[in-house]
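What follows is each chain in one-letter form.
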Amino acid sequence: MNEISYINELEHPGRIKLQIERIRFLYHQAKTSLIGHLLSSVGVTYIFYDHVEKSILWSWFASILFITITRQISVFYFLKKQPQNNEVLKWGWFFTFMVFLTGCAWGAASYIFLLFEHTQLTLFIIMVLTGMLVASLASLSVFMWAYYAFALPTALPLIHQLVTSGRLELIVYGLMITLFLFVQLGYARVNQKTVDKSIILRNENLELIEQLQREKENAEQLRKEAEAANTAKTQFLASASHDLRQPLHAMGLFIDVLAECSDEEERKNVIEKIRKSGLALEGLLESLLDISKLDAGAVSVNIEPFKLHSIFDEVISEFESIAKNKNLTIKFIYSNIAVISDKNLVGRILRNLISNAIKYTEHGKILIGCRRKGNNISICVCDTGSGFTKDKYKIIFTEFHQLENPERDRSKGLGLGLAIVKRIEKLLNTNIHVNSIPNKGSIFSFELPVYHGVVKNLIPKKSNTIINNFIGKHIVIIDDEEDIRKGLTSLLSSWGCRVTSLSSTEEIKTTLNKNSQHPDLIVADYRLRDKETGADAIHEIKNIYSNTDLPAVIITGDTAPERIKEAKASGYKILHKPVSGGKLRAILTSLLSI
């Protein structure tokens, strides 16, 4: 292997890892080889003690001893320190250099101890040196550069001495040792590949074990999350069921009272109570729908620059009277700083946090303000309410969880406000920070990026064409619930519309044709019978009249995230039940004015 190919080998991440493993193996094998070098040098010194000049003999032995001790120290520190990655490579080159010095010392033995006049001594030193080449194969060939560094300076002086000796038998020995050296180098290559395969196999096994462990941990985590989700779902459904039943139960009782009531003033009172129960029910359903929309990703985010005081102006009028009714002081610290985010969603977070603060504050004040933090601005809602401990920081953001409302009193809210805030937090890529002290109050804050450009004051355009007369408009209703069809028909008829009420696409085919009056608008329920959808029904009507621009609206009672995604994918305007007459009229007016 030449230097260029070796550098290329090291540049590959997998090869670098392999090279590191080779060096680690090299150091672990070094202990026994060092003992062999030391014992061999002692034996050579003893055999040649009376045949070589003492100063030369002791100098050679001292060099072997010094190199061996230095290598032993380096092996000790390497095994103790356990260096990592690129540091291991440096230790590998140091080891190779020390092995080269060892090879040079043994190579010098060919010039010191080859006494051709003593045949037995000559054969002895040849045997020792070739034995060293064989013995080092097992410990050094795992890192070929180390074996080259030892074998070549050890064998080449011996071959040179024998080939230039002038004696035929020694020249033959020299040629045979040359052939032996090439064979050894070949074996070293094979041995390195074998060790490489074992290292790779071991690493693959370790990686497989780690992967299995990670998968086991992930599976355990998923199991725990599934159990937690199932528990949360059960709690969610139980709380939702309770809170939905409460206003329905109240409405049922008030309707019974209304049936028995003869006094006009009392009837008005009961009707007002029924209306409030209906509003409470509608409020809960709206909150549930908001959560479903957020979970379904059906809420679009419109990022644009706006000034914070524009939101404060909107919010202050909503909450001043509410706070005043509880004898609370509410203060807004205005800021002219502009931010870039979705104004509507930021307003939703702020409204929910302020509403929550008012709910849990019995006396004192609520402060809403801003604080600059580098390129961001932190919007804070502070209160002097009941507060809570740190262990409650996470659970307050779960659905229907209220710290001080175990009896589920609806006047204290539904426990959905902070759950909605948590979902909007992800959409706006911000973080809701909480800091609370029991009996002293709480601070909720979130950060938005500051906008450094100029924000234009946009004046909303007034519509020049407002249709408030539905007289003569032909509206097709598709819904598989007869009561809903009757209710919608009565409402639209009272507005002067001509209504065609249908329950399925099959009825559409048998009732409508090109010769019948062309519809002006379609109102369809999303989920129909036989797995049909409102989108299918609208498509069928458009085909009959060959009018792809026919306006349509879909009304759905589904709150499941996947259903909301499906309905939104239809491309039509979506309304969620319950829909008030005013809201329906506004939407239909908008669609008919296109």
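Since the model is a prediction, treat every value here as computed from it, not as a measurement.

Another point: the environment of I471. With respect to the secondary-structure elements, I471 resides in the loop between strand 7 (441–449) and strand 8 (474–478). Along the backbone, I471 and S493 are 22 residues apart, and their C-alpha atoms lie at a distance of 8.8 Å. Once residues within four sequence positions are removed from consideration, I471 is found in contact with W495 and G496.

Turning next to the packing of aromatic side chains. Under the counting rule described, the total for this entry stands at 14 aromatic pairs. Taken together through their ring pairs, the aromatic side chains of F48, W60, W106, F113 and F124 make up a single cluster. Between the NZ or CZ atom of K54 and the centre of the ring of Y49, over which it lies, the distance is 4.6 Å. Across the ring face of W495, the terminal group of R585 is positioned such that the distance to the ring centre comes to 4.9 Å.

It is worth spelling out a negative patch on the surface at this point. On the surface, D263, E264, E265 and E266 cluster together into a patch of negative charge. Note on placement: E264 falls in helix 8 (residues 264–296).

Mapping S41 onto the fold places it in helix 2 (residues 13–47). For S41, a relative accessible area of 0% puts it in the buried group. Ignoring anything within four residues of it in the chain, the contact list for S41 reads W60, F61, I64 and W106.

With 59 residues, the main nonpolar core has W106, F113 and I125 as its most contacted residues. Of all the secondary-structure elements, those providing two or more residues to this core are helix 2, helix 3 (54–81), helix 4 (86–113), helix 5 (119–140), helix 6 (144–163) and helix 7 (168–260). The contact partners of W106, leaving out residues within four places of it in the chain, are H37, S40, S41, V44, W60, I64, V128, L129, M132, F150 and T154.

The subject of this paragraph is the pairing of strand 2 (residues 329–332). Of the two faces of strand 2, the one lined by I330 and F332 is fully buried and the one lined by T329 and K331 carries no buried residue. Sheet topology places strand 2 next to strand 4 (residues 365–373); four bridges connect them, and they run parallel. The residue bridging K331 from the neighbouring strand is L367, located in strand 4.

A separate point is a nonpolar patch on the surface. The grouping of L38, V42, L65, I69, I73, F76 and Y77 at the surface amounts to a nonpolar patch, some 610 Å² of accessible area in total. At the level of elements, helix 2 and helix 3 are the ones that each hand at least two residues to the nonpolar patch. Broken down by element, the nonpolar patch gets its largest block of residues, five residues, from helix 3. Relative to the helices and strands, F76 is located in helix 3.

Strand order in the open sheet formed by five strands is 9-8-10-11-12, with parallel pairing between adjacent strands. Only two strands of the sheet have a single neighbouring strand rather than two, namely strand 9 (498–502) and strand 12 (573–576). Recorded for the sheet is a direction-independent mean angle of 20° between the axes of neighbouring strands. Judged from the four bridges that link them, strand 11 (residues 552–556) and strand 12 form a sheet pairing that is parallel.

Further remarks concern the confidence of the model for the protein. Low pLDDT marks stretches whose predicted atomic positions should not be read closely. Of the residues in the protein, 82% have a pLDDT of 70 or more, and the chain-wide mean is 79. Here helix 1 (residues 3–11) stands out as the least confident element of the protein, with mean pLDDT 41; strand 8 is the most confident, with 91. In the predicted structure, residues 400–414 sits below a pLDDT of 50 and forms 46 contacts with residues beyond four places in sequence or in another chain.

Calculation rules
Residues numbered from 1 in each chain as written. Predicted model: local features only at pLDDT ≥ 70, side-chain atom pairs only at ≥ 80, totals over all residues. Heavy atoms only, no water. Helix = DSSP H or I, 4+ residues; strand = E, 2+ residues; numbered from the N terminus. Contact = heavy atoms within 4.5 Å. Phe/Tyr/Trp six-rings, centres within 6.5 Å; stacked < 30°, edge-to-face > 60°. Lys NZ or Arg CZ within 6 Å of the ring centre and 35° of its normal. Patch = residues over 30% accessible without salt bridge, like charges linked within 9 Å, V, L, I, M, F, W, Y side chains within 5 Å. Areas by Shrake-Rupley, 256 points an atom, 1.4 Å probe, with all protein chains shown as cover. Salt bridge = Lys/Arg side-chain N within 4 Å of Asp/Glu carboxyl O. Lys, Arg positive; Asp, Glu negative; His and termini not counted. Charge placed at Lys NZ, Arg CZ, Asp CG, Glu CD. Buried < 20%, exposed > 50% of the residue type's maximum accessible area, 1.4 Å probe, protein only. Core = buried A, V, L, I, M, F, W, Y, C linked by side-chain atoms within 4.5 Å. Pairing = 2+ DSSP bridges. Axes fitted to C-alpha atoms, helices over the stretch in contact; angles between N-to-C directions. pLDDT = per-residue confidence, 0-100.

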